[in-house]
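# Coordinate inspection notes
Given next are the chains, with one letter for each unit.
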Amino acid sequence: MDCALSLFLGLFIIPVSCDFPPGSCDGYTEINEPWRNLAFASTPFTGYSQNDADFLGKWLRFTGIGGDTVVTSCVTVQTANGGCICNDGYEMPPDSLPTSTSYGCIDINECTRTQGICGHNTNCHNTVGSYSCNCWEGFQLPKPIPKIKVTPGCEDIDECLSGVCGPYGTCYNNIGSFVCNCFEGFRADYIMSPICQDIDECYNSTICGPYSICQNLPGNYSCSCKVGFEPMDITKQPNETNVCIDINECTLPVCRTCIDICGPNCNCSNAIGSYLCTCIPGYRINNPAFIASYYNPCRDIDECTETPGICGKMTVCTNVPGTFYCSCPDGLFPTTGIVAWILNVTYCQSVEDALNKVPVKEGLTKEISFISNMQDDLKNNTGAFIPEATVANSFAASMAVSGVGPRATQSKVSSEGDRATGNAILDLSEYIVVAMTPHTENQTKKEVHSSTVDLSLLAIGPGSKDNWNTSLSANGNTMDFNLQAIAHANNGSATAAFMTLNGMESLLSHQYFQTEKKTDMCSDVITAILPVNNTNLTEPVNFTIYHRKEVPETGTVSCVYWKTTETVGGKSMSWSEEGCWVAFSNENYTICSCSHLSTFALIMQIGEPTPSNPFLEWLNRICVIIGLFFLALAIFTFLLCSWNPKINNTARLHLCLNLFFSQLLLLWNDKYTDNKLACTVLAGFLHFLIVASFVWMLLEALQLHLLVRKLSQVQVIRRDGLPRPILYLVGYGVPFVIVGVSALIYSDGYGVTSTNVCFLSTKRHFNWALTGPIIAVLAINWLLFLATLWSLRPTLANMKSDVSQSKDTRLIIFKIVAQFVILGCTWILGLYQSNLFFQVLFIILNSQQGTFLYIVHCLLNKEVREEYIKWLTCSIGKETAEEKDVGSVTEDFDKPENQNNEGKKDH
């Protein structure tokens, strides 16, 4: 087969495969038939050659359409025949013949001529003279592209590798395509990149419902209500069914401690989707540029400061949150009552005028009618509020019209008291406490301090978290109780007040305490008010009450309360110990416990001390009266008798005057214990007189000592004693300074003592204002008396023992003893009162200072006796018989030793 093929090929190739010398091809056969073009073959046309066999071994020249050039060289098989050929991609149609002007080449449709020319997964597109291959969508040429003429075809593209779907979907690759499975809330948009695009649920949608705000989120959406709205079910987001509704901001607190969204002291008005805040009357917004809120609150307007004199002249303006109140100062009273104050109408009048204008109710006194009228004023205005200034003014007016307290112009209460008026004030107190108590959710404390009332008030509400133990004080006294327990039984709220009223002890006298003992008020009258229906306490109330008077060792202290009971004839009012007992007591205070509490006053009573000896009282009174009689004689004698100009009786006269008045007042110092002012004045005057008496005793002792010293030195006596100006300055200046300083330091030290007399109190050791000067004077007088005796020692030792001299000696000894009493040295016996003998001796000697003064300086004085005789015989100027005179302690010692009685000097 190979040989045959070689032979066949040799027929076409050999002649033209060799190179011939030039000119070798000149002999040729010219061929110009169109059909002789290269590769032309046609079976439809008859008469045409089907091959070129007859040209074998010949040289040919083709002219015409196929070409006009002589081929002088060897040609390949394809060109051996010469002629025209169609370009690549063209062909001559098989059913047409070439012409002399055109070969007739037409485009070859390779895509149909050759199936699969582009390979698999491709599209073939014929072009003029050629064709092109495109991969199907989802396919691509392999990489790298093989270097072959035949297109290998396209392979599948894995689009998922490029993240075509994006982060919000899952990509699934297919042959020639892919699918994106987008997440919920996303949609596939194959013209977008990435393909999984978020769905905007909020766009042109009512998915959230009215009054809402829709916010698109990646793959989701969020619904919220507009400001001022909230969903019907606040636990879920708003939607078309759970729609947004208006919020009433005025009812919603914005924080735990806030009152409301507008803040305190503000009115809130709700609006659709909003609200309006306006300050309540009496308040002003802090910053007008912004709406009222908790951070821009409404502040109270201080009308009293911004509008001086808004209440009128002689008034007291009290600013309180949101408003102001007008009151009268103490001593005045409003014309329209304590509750209703009408601006430009109400004015303050004196309490006396207000009392006279009040109509007297049947069966009541004018004073009780006045107090009852205030009570009715509060009772008829339930819910009215009165400030602390009005509280103080109300109590001051009540006590003033009752005739007690610092504002009373005159005392109208006897020592027995006035329980009806005092009880009316206690009844009024409860209404006053209710009116001054503000509404509170937590805790409010108020205090009122004036010269009349000292009051502490505590009110607690349901929100109070205070300790269970509560303590209130008034004028130094305290009340300890469990107010929370009382509030727990009263819907969580309770109010308690504790107060003292200056002068109440005079109205609710200790004499209303039924006992066989003698009683006395030794504390403030304290009042505890609990304005609720619950009067029985689960726990006792403890009162610490300070003593106003010293409790004697023989006394007892009783805790009592003011008990009122309804009877057929009216009310029974008295002090009672029922339900109260002494828990602890010392010299300064007593703790009382009580198991009940209402409109309550608590006092302490002192039992009667051990009664004094009637004999000693009788003896003291008789001796004092006798002493006063001789003091009076001595005073008149010193004033009326003509004296030797050498003798100075100034100290003796003023000693007698002070002793007389002091002993006289001591007889009456228990008669004014019910009048505080009179008792205080009496005690102070007694203090002055007693100190002055001892100072004059000291001056007398000093003058006596100076005189004896001069006599013992045989000096001529031109004038007896110290100059009068010095005596007056010391005698009254020293007592005045002592009493003045004592009164400045502790003025309350003068008054009623524990022994129920007007004298110096033992509180704060005030009695030493008297005891100290007395002890000092006694010590000095003792020293002067001993010094005087020492100066007389030589004279006494040289006295003769004849009859006349013995008589003088007895007189001198008597005068020495008398001077011992006159100078007050016997007051030292006051330290020895342990038995009856010393008590009797003390009473006799100290009450008879005036008696000894009269005997020594009057009866035993010759000049005085002569004056007495002249008065009795009415024979002034008549000569009387000479009588030997022993006029003073020193007269018998004023002689030299060699001088007889007749030669005695005159002094």
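Residues numbered from 1 in each chain as written. Predicted model: local features only at pLDDT ≥ 70, side-chain atom pairs only at ≥ 80, totals over all residues. Heavy atoms only, no water.

### Describing the pattern of salt bridges
Going through the model one piece at a time under the given rule, you end up with 8 salt bridges. Here D427 and K571 are joined by a salt bridge, their closest N and O atoms 3.7 Å apart. Pair noted here: D427 is in helix α8 (residues 419-436) and K571 is in strand β33 (residues 570-576), with a separation of 144 residues, a long-range link. The exposure class assigned to D427 is partly exposed, which follows from its relative accessible area of 26%. Notably, a salt bridge pairs E505 with R548, separated by 3.4 Å at the nearest N-O pair. Taken together, the residues span a long stretch of sequence, with E505 in helix α10 (residues 504-507) and R548 in the loop between β31 (536-546) and β32 (557-567) at a distance of 43 residues. Judged by relative accessible area, R548 falls into the partly exposed class, the value being 34%. (Salt bridge = Lys/Arg side-chain N within 4 Å of Asp/Glu carboxyl O. Helix = DSSP H or I, 4+ residues; strand = E, 2+ residues; numbered from the N terminus. Buried < 20%, exposed > 50% of the residue type's maximum accessible area, 1.4 Å probe, protein only.)

### Thoughts on the environment of P288
Structurally, P288 is set in the loop between β19 (283-285) and β20 (298-300). In sequence terms P288 and C298 are 10 residues apart; their C-alpha atoms lie 9.8 Å from each other.

### Thoughts on the confidence of the model for the chain
Per-residue confidence for the chain gives a mean pLDDT of 77; residues scoring 70 or more make up 74%. For the stretch residues 1-20, pLDDT sits under 50, and the model shows 14 contacts to residues farther than four places along the chain or on other chains. (pLDDT = per-residue confidence, 0-100. Contact = heavy atoms within 4.5 Å.)

### Quick look at the side chain of N242
Summarising the element assignment, N242 is placed in the loop between β15 (229-231) and β16 (244-246). By relative accessible area, which is 8% here, N242 ends up buried. Within the structure, the side chain of N242 is placed 2.7 Å from the backbone nitrogen of D233, a separation counted as a polar contact. When near neighbours in sequence (up to four residues on either side) are disregarded, N242 contacts P231, M232, D233, K236 and Q237. (Polar contact = N/O pair within 3.5 Å; in protein donor to acceptor, adjacent residues only side chain to side chain.)

### A short note on the side chain of E303
Summarising the element assignment, E303 is placed in helix α4 (residues 303-306). Despite being buried, E303 has no salt bridge partner; R284 is the closest side chain of opposite charge, sitting 7.7 Å away. (Lys, Arg positive; Asp, Glu negative; His and termini not counted.)

### Details of the pairing of strand β34 (residues 580-585)
Pairing of β34 with strand β35 (residues 589-596) involves 5 bridges; the strand directions are antiparallel. Looking at the pairing, W581 lines up with S593 of β35. Linking β34 to β35, which pair antiparallel, is a turn of 3 residues. (Pairing = 2+ DSSP bridges.)

### Focus on unusual backbone geometry
Residue S193 is joined to P194 through a cis peptide bond whose omega torsion reads -5°. Looking at where P194 falls in the secondary structure, it is placed in the loop between β11 (186-188) and β12 (196-198). The backbone of Y211 shows a phi angle near 55°, a positive value even though the residue is not glycine. Positionally, Y211 belongs in the loop between β12 and β13 (212-217). With relative accessibility at 44%, the residue Y211 sits in the partly exposed group. Positive phi, close to 55°, is recorded for N475, a residue that is not glycine.

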